[in-house]
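The chain contents come next:
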Amino acid sequence: MDSLLNTYNSLKAARAPWEGWWDTLRRYVLPARQDQDSPVADASSFRGLGDTTAVEACQKLASGHMSYITPGHETWFKWSCADPDAGDEAESWYNRCSEIALAELARSNFYTELHECFLDRVGLGTGSLFCGSARSGGLHFRHVACGQFVCAEDDEGALDTYMREFTLTPHQAETQFGRKALGPHARAMLESGADPHTGSLRFLHVVRPRRQRNRKRQDARNMPFQSLYYSLDDHTVVEEGGYREMPYMVTRFLRWGEGAYGLAPARLVYPDIRQAQFLNRILDMLGEVAAFPRILELANQSGEVDLRAGGRTLINPESASLGFPREWATSGRYDVGMDRLRQKQDAINRAFFVPMLELWSEHRQQMSAAEVYARENERVMLFSPSFTLFASDFRPLMERVFALLFRMGRFPQPPTTVLRKNARGEAEVPEPQVVYQGRIAMVMRRLQAEGMQRTLQRLQSLAALEPTVTDHVDLDRAFRLSARMDGVPETILRAESSVKRLRRKREADAAALALAQQQNQPNPQS
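Residues numbered from 1 in each chain as written. Predicted model: local features only at pLDDT ≥ 70, side-chain atom pairs only at ≥ 80, totals over all residues. Heavy atoms only, no water.

Draft legend 1. Just the overall build of the protein chain, in detail. When helices and strands are counted, the protein chain shows 15 helices and 14 strands. Relative to a compact globule of 526 residues, whose C-alpha radius of gyration would be 24 Å, the protein chain shows 33 Å and is clearly more extended. Overall, the C-alpha framework of the protein chain stretches about 140 × 80 × 40 Å when taken along its three principal axes. Looking at the protein chain as a whole, 41% of its 526 residues qualify as buried. Counting only contacts in the protein chain whose residues sit at least 6 apart along the sequence, the fraction spanning at least 24 positions is 68%. Treating the 66 positive side-chain charges of the protein chain as one cloud and the 66 negative ones as another, the clouds have centres 4 Å apart. (Helix = DSSP H or I, 4+ residues; strand = E, 2+ residues; numbered from the N terminus. Rg over C-alpha atoms; globule rule 2.2 N^0.38 Å. Buried < 20%, exposed > 50% of the residue type's maximum accessible area, 1.4 Å probe, protein only. Contact = heavy atoms within 4.5 Å. Lys, Arg positive; Asp, Glu negative; His and termini not counted. Charge placed at Lys NZ, Arg CZ, Asp CG, Glu CD.)

Draft legend 2. The arrangement of unusual backbone geometry in detail. Positive phi values are uncommon outside glycine, yet His235 reaches one of about 55°. Residue His235 is classed as exposed on the basis of its relative accessible area of 55%. A positive phi angle is found at Phe353, which is not glycine, with a value near 60°. For Phe353, the location among the structural elements is in the loop between α10 (334-351) and α11 (354-359).

Draft legend 3. Layout of the pairing of strand β6 (residues 201-209). Within β6, seven of the nine residues are buried, which leaves it mostly tucked inside the rest of the structure. Two strands pair when backbone bridges link them, and strand β5 (residues 159-168) and β6 are joined in this way by seven bridges, in the antiparallel orientation. In the strand pairing of β6, Thr167 is matched with Arg202. Across seven bridges, the pairing between β6 and strand β7 (residues 225-231) is antiparallel. Along β7, the bridge assignment pairs Pro209 with Phe225. (Pairing = 2+ DSSP bridges.)

Draft legend 4. Structural context of the pattern of salt bridges. All told, the structure shown has 23 salt bridges when counted by the stated rule. As a salt-bridge pair, Glu174 and Arg179 come within 3.1 Å of each other at their nearest N and O atoms. The class for Glu174 is partly exposed, based on a relative accessible area of 27%. Of the residues examined, Arg179 reaches a relative accessible area of 32% and is grouped as partly exposed. What you see here is one network of salt bridges that share partners, running through Glu153, Arg252, Arg255 and Asp393. (Salt bridge = Lys/Arg side-chain N within 4 Å of Asp/Glu carboxyl O.)

Draft legend 5. Examining the packing of helix α1 (residues 2-28) against helix α8 (residues 270-291) more closely. Running from amino to carboxyl end, α1 crosses α8 at an angle of 40°, the nearest separation of the two axes being 11 Å. Relative to α8, the element α1 is oriented oblique. Judged by the twist between their axes, the crossing of α1 over α8 is left-handed. Of α8, the residues touching α1 (which contributes Trp21, Thr24 and Tyr28) are Tyr270, Ile273, Arg274 and Gln277. Here the residues of the contact of α1 with α8 sort into four nonpolar, two polar and one charged. (Axes fitted to C-alpha atoms, helices over the stretch in contact; angles between N-to-C directions. Parallel < 35°, antiparallel > 145°, perpendicular 65-115°, else oblique. Left-handed = near helix turned anticlockwise from the far one by under 90°. Nonpolar A, V, L, I, M, F, W, Y, C, P; charged D, E, K, R; others polar.)

Draft legend 6. View of helix α2 (residues 53-68). With 16 residues, α2 extends 21 Å from end C-alpha to end C-alpha; this agrees with the ideal 22 Å at 1.5 Å per step. Listed as buried for α2 are Thr53, Ala54, Val55, Ala57, Cys58, Leu61, Ala62, Gly64, His65, Met66 and Tyr68. (Expected span 1.5 Å × (residues − 1).)

Okay, structure coming up:
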């Protein structure tokens, strides 16, 4: 276990430079998460916040992720067969599995935990989510707060090592691991007669590649990933098991060099966030001075100036000739300050892609469809690096969801066209490709769809001159591809085998009709 703790400490040391930035960004972007150990947000976390533009922008972009990448009320992804030559039957099976998976995700706590993950991804640059199976059946997810885990990647950039430190009450520890598996300190807390729901026990969950295993055996101790739950209080392993897939997902907003953690949009405009805080405080002060101006008065007028609304102050001729009492130092330029503040706020909103989100809300009704498409293409393309990284980081999670539901028996029996032989010669279902169907993904694929549409329009005009030019295009495949790109439900598409039978029947009916007409036609020689 010494090597395990040494690895954990070395990964914590590699994470240390990020922690300062995370603490700073929480102050300005996610103030409710400044004290992550507290069950409720402390009001003091918000007291030093002079401008909430970054907080609101973070909330909007995280909600935009939920609405335009993974909307729970829409079909936001489809699995597709990795083998393009597998045929339509295989593609249809994967699409049917997608519809089942969407229903399973909706029944689980996926969307609740995913929103918390997106807040970390947007606000701090790095979000994490655990995917497993619930004891009651179905899927179970858990958001792991940024800063409460360490991770590392393999030589190909895939997440392969993950360590999470967490606390449980004695009751929770007994429920999860069983009393016999716990160490003496934990058992003493349970046997002391004290409330088992109070107090805390520290644990470390380690998931890493298993160095030695028997590939012919499929038990927990021979799975590709080793899972260890280690008690930091008792210094003992309380549970050892394994996973077939990496159960944790880490998603970054943008890459930062070769590190495992991500760059948050707030870091790109951190000076503007600080300036907005300063300017807002200055403008508040100017507003207060305008409402309650400073008064300059003679020494002998102390306590005689009535500042109440409608108040009357009596002065002698000498004071009147000198112009006392009078307002003093109230000539600040509030309008100039507001212009500067709006510039900083606009920069913050652009960094968080708020103009892209607003395009799909109140401003859309004021533009033509062509203008909406043009602006969508322009603004979503700016977001494409972050979306592409999301798709890459999210892929292992979607593969694990597929594998878990398949092993639970939630999917229909796969057709033989889906099955492939692995290295051991055994038939298995290959991992699917993930095709995202959310609004952002649809806009990014629009260029491909528009290219297909332009090609078919050109083909139609050329076919009028030379009909054989249509031989260059598989129109059946083009139609089915465009339908699936548009998110059409798989249930309304006939299987290719059904289409072939329908065409054969139509040809047979046409041939029979032609034969009947030929037999009923009178012979001109008779």
